[in-house]
Amino acid sequence: MTTYIEAYLHSLRDLPNDIHRAYALIGVTDEKVSQLKVELQNKYEEVYKMAAEDKASPSDFAKKLSSIRKDQKFIHSLNEDKIQLVEQAAYYTNSFMTRLDRDLRKFEDELGAQQRGLKDLLFKHSKFL
């Protein structure tokens, strides 16, 4: 029985690391998105000032808007990456839980069979006593 449990734990040792790694990457990506949103907000404010003051040239205004669009696309890309990481973490978690359920049922079946065998053995020996 100990060998079975040790083998099982050994076979699953990397899976929680994969889950942890996926969530860590989500956190790093989320932090990057938060920083970019602050920078983007500052660029919005600069564009509002440029429009209100009406001193900027059309080319400067266009460059600033182009930069904002580029940042928006990059944030969108990072958010898509986060979605993929969440899906990956969910897949790892579901795989882990499915395997755990399957192996637990197998272990319970084996344990039940051993208990039935032990009961049969005790019953046979009790006849002789």
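The structure under discussion appears in the preceding block.
Notes on the structure follow. Every chain is numbered on its own, with residues counted from 1 as its sequence reads. Totals for whole chains, interfaces and linings use every residue, but because this is a predicted model, local features are given only for residues with pLDDT of at least 70 and side-chain atom pairs only at 80 or more, for both listing and counting. Based on all heavy atoms of the structure, the side-chain values leave hydrogens and waters out of the count.

**Focus on the nonpolar core**
This is how it is decided: Residues grouped as a nonpolar core are buried Ala, Val, Leu, Ile, Met, Phe, Trp, Tyr and Cys residues, joined through side-chain atoms within 4.5 Å. Relative accessibility decides the category of a residue: with a 1.4 Å probe and only protein chains considered, values under 20% of the type maximum give buried, values over 50% give exposed, and everything between is partly exposed. Under the scheme used here, helices are H or I runs from DSSP no shorter than 4 residues and strands are E runs no shorter than 2 residues, and both carry numbers assigned from the N terminus. Any two residues whose heavy atoms approach within 4.5 Å are treated as being in contact.
One finds Val33, Leu36, Leu40, Val47, Ile68, Ile75 and Leu78 forming the largest nonpolar core, which totals seven residues. Looking at this core, the elements with two or more residues in it are helix 2 (14-53) and helix 3 (58-128). If you tally residues by element for this core, the top one is helix 2, at four residues. With near-sequence residues (within four places) excluded, Val33 lies in contact with Ile75, Leu78 and Asn79.

**Here we look at the packing of aromatic side chains**
Geometrically, a pair of aromatic rings is defined through the distance of the ring centres and the angle of the planes. For clarity, the cut-off: Stacked, edge-to-face and tilted labels apply to pairs of Phe, Tyr and Trp rings (six-membered ring for Trp) whose centres lie within 6.5 Å, assigned for plane angles under 30 degrees, over 60, and everything in between, in that order.
Scanning all chains against the criterion turns up one aromatic pair. Both rings, one in Tyr91 and one in Tyr92, keep their centres 6.2 Å apart while their planes meet at 55°; by these two values the pair is tilted. Its relative accessible area of 56% is what places Tyr91 among the exposed residues.

**Observations concerning the environment of Lys32**
Inspection of the secondary structure assignment puts Lys32 in helix 2. Residue classification places Lys32 among the partly exposed residues on the basis of a relative accessible area of 38%. Expressed as a C-alpha distance, the spacing of Lys32 and Ile75, which sit 43 residues apart in the sequence, is 8.7 Å. Residues contacting Lys32, with those up to four places away along its chain left out, are Phe74 and Leu78.

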